[in-house]
Amino acid sequence: MSKVEEFEELRPLLFSIAYRILGSVGEAEDAVQETWLRFDGSSARPASTKAFLSTTVTRISIDVLRSARVRREEYVGPWLPEPLLGDPYEDPARSVELADSVSMAALLLLERLSPLERAVFVLREVFAFGFDEVAAAVGRSEAACRQLLVRARGHMAAGRPRFAADRRERQELATRFFDALKNGDVGELQTLLAADVQLVGDGGGKAPQLAKGVMGAQNVARLLGTVFPWLFRIDVTCQPHEVNGQPGAVFRDRDGKVIHTLALDVLDGRIQTIRTVVNPDKLGHLGPVADAWALDREVKQARRQWNRPEK
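Residues numbered from 1 in each chain as written. Predicted model: local features only at pLDDT ≥ 70, side-chain atom pairs only at ≥ 80, totals over all residues. Heavy atoms only, no water.

## Observations regarding the pattern of salt bridges
Taken as a whole, this structure holds 19 salt bridges when the rule is applied. A salt bridge links R153 to E125, with the shortest nitrogen-to-oxygen separation between them at 2.7 Å. Separated by 28 residues along the polypeptide, R153 in helix α8 (residues 142-159) and E125 in helix α6 (residues 115-126) bring together distant segments of the chain. Look at the salt bridges and you will find they share partners, linking E27, R71, R72, E111 and R118 into a network. (Salt bridge = Lys/Arg side-chain N within 4 Å of Asp/Glu carboxyl O. Helix = DSSP H or I, 4+ residues; strand = E, 2+ residues; numbered from the N terminus.)

Spelled out as structure tokens, the structure:
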């Protein structure tokens, strides 16, 4: 195989490693591209291309994450990972671990770890690398990696949810949710939400958002039932789609441009968390991005016209 063929065969794995370490599609793609440049520029062929490329993309991702931490501390409002509509890497033997580790809930928990802990956890727990491979990738001894993994497991276990609902049950619940959303059926929405449901929006200060954080079934249902019917009135469309392995949707304007994504965490037959990403910087990989501020003004204008008394 040529270098290009070897690299392209491993690209899905490299992206999946980088995305889980970074929580950013754009940064993961950049890390993979930098990995290719280093591989292509190397005169010697490694004994194991997979080991070489995995090590390279891991080290690049660790360096990027260290600098990204500073930016995230200054981020306006709640920070959420960039939405991922499909994981390019597939491994039937580890499908559960792969799906669980890419959920927004898991990625947010990974944010609690140090860059080294995060890399060790991703390589060992998600992709089942041997400790010798993990040690080589992060530049630490196997003993040190075992200690890093113990600490990482402790942080993850402290708050890690398990979305045990089967796929069909989740999809049926999501279908009911989006139907109620379109109809503005606050009562139906409330029956689908957990009592302590949380709505979190990530606008990054660059787009209007529903709220920085709303808690409770009644409050969340009322907000959703008030806002979304007006979006549908101005020809916004809702395209159901898995978002980070969970039920969700992509919302687009009348021209097909992306407005935001919405992802649902489902547990025990109820929606536990709703996460929306509206920050345009995090949506470009999904296609052209809509002007969310212009849509917000259009909704407000539609409301004023609707509420204007007839003469």
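There is more to say, and it comes next.
## As for a negative patch on the surface
Together, D166, E169, E172 and D268 line one region of the surface with negative charge. Tracing the sequence through the fold places D268 in the loop between β5 (258-267) and β6 (270-277). (Patch = residues over 30% accessible without salt bridge, like charges linked within 9 Å, V, L, I, M, F, W, Y side chains within 5 Å. Areas by Shrake-Rupley, 256 points an atom, 1.4 Å probe, with all protein chains shown as cover. Lys, Arg positive; Asp, Glu negative; His and termini not counted. Charge placed at Lys NZ, Arg CZ, Asp CG, Glu CD.)

## As for the sheet that holds β5
In a beta sheet, neighbouring strands pair by backbone hydrogen bonds and run either parallel or antiparallel. Read across the open sheet, the six strands follow the order β2-β1-β6-β5-β4-β3; overall the sheet is mixed. Two strands close off the open sheet at either side, each with one partner strand: β2 (214-215) and β3 (237-240). Bridge count for strand β4 (residues 248-252) against β5 is five bridges, and the pairing is antiparallel. Following the sheet pairing, G248 is matched in β5 by A263. (Pairing = 2+ DSSP bridges.)

## Things to note about the layout of surface pockets
Vacant regions in the atomic arrangement are exposed by a probe of water-molecule size rolled over the atoms. Of the volumes computed, that of the second largest pocket is approximately 360 Å³. Put simply, the parts of the chain that give the lining of the second largest pocket at least two residues each are α11 (217-233), β5 and α12 (292-307). Ranked by residues supplied to the lining of the second largest pocket, first place goes to α12 with six residues. Considering only residue class, the lining of the second largest pocket consists of eleven nonpolar, three polar and three charged. (1 Å grid on protein atoms, 1.4 Å probe; cavity = no way out; pocket = protein on both sides within 12 Å on 5 of 7 lines; lining within 4 Å. Points joined across faces, edges and corners; volume = space filled by probe spheres on them. Nonpolar A, V, L, I, M, F, W, Y, C, P; charged D, E, K, R; others polar.)

## A look at the packing of aromatic side chains
Aromatic ring pairs: the centre-centre distance and the angle between the two ring planes describe each pair. This structure, assessed with the given rule, holds nine aromatic pairs. Geometrically, the ring pair formed by F228 and F251 is tilted, given 5.3 Å between the ring centres and 55 degrees between the ring planes. Taken together, the positions of F228 in helix α11 and F251 in strand β4 put the pair 23 residues apart, joining distant regions of the chain. Here F251 falls in the buried class, since its relative accessible area comes to 0%. Taken together, the ring pairs connect F7, W36, F39 and F52 into an aromatic cluster. The residue whose ring lies beneath R146 is F131, and the NZ or CZ to ring-centre distance is 4.0 Å. Note that R233 overlies the ring of W306, its terminal NZ or CZ placed 4.2 Å from the centroid. (Phe/Tyr/Trp six-rings, centres within 6.5 Å; stacked < 30°, edge-to-face > 60°. Buried < 20%, exposed > 50% of the residue type's maximum accessible area, 1.4 Å probe, protein only. Lys NZ or Arg CZ within 6 Å of the ring centre and 35° of its normal.)

## Focus: the pairing of β6
Within β6, six of the eight residues are buried, which leaves it mostly tucked inside the rest of the structure. Relative to β6, strand β1 (residues 193-202) runs parallel, the two sharing six bridges. Looking at the pairing, L199 lines up with I274 of β6. Two elements, β5 and β6, share seven bridges in a ladder whose sense is antiparallel. Bridged to D265 within β6 is T273. Hairpin remark: β5 followed by β6, antiparallel, with two residues in the connecting loop; positive phi at D268, about 55 degrees.

## Some details on the packing of helix α3 (residues 49-73) against helix α7 (residues 131-138)
Contact pair α3 / α7: the axes reach a minimum separation of 8 Å and the direction vectors enclose 50 degrees. Regarding the angle of α3 to α7, the classification is oblique. Note that α3 runs across α7; the crossing there is right-handed. In this structure, α3 uses T55, T58, R59 and I62 to contact α7, whose residues at the interface are A136, A137 and V138. Looking at the contact of α3 with α7 residue by residue, the class counts come to four nonpolar, two polar and one charged. (Axes fitted to C-alpha atoms, helices over the stretch in contact; angles between N-to-C directions. Parallel < 35°, antiparallel > 145°, perpendicular 65-115°, else oblique. Left-handed = near helix turned anticlockwise from the far one by under 90°. Contact = heavy atoms within 4.5 Å.)

## Some words on α6
End to end, α6 covers 16 Å across twelve residues, agreeing with the expected 16 Å (1.5 Å per residue, within 8%). Turning to α6, its buried residues number three or more, namely P115, L116, E117, R118, A119, V120, F121, V122, L123 and V126. Once α6 ends, the next one or two residues include A128, with phi positive near 60 degrees. (Expected span 1.5 Å × (residues − 1).)

## Focus on the nonpolar core
Membership of the largest hydrophobic core comes to 47 residues, with the highest contact counts inside it found for I17, Y19 and F127. The dominant element in this core, judged by the number of residues it contributes, is helix α1 (residues 3-22), at ten residues. Once residues lying within four places of it in the same chain are set aside, the contact partners of F127 are L13, S16, I17, R20, Y89, R94, L98 and V122. (Core = buried A, V, L, I, M, F, W, Y, C linked by side-chain atoms within 4.5 Å.)

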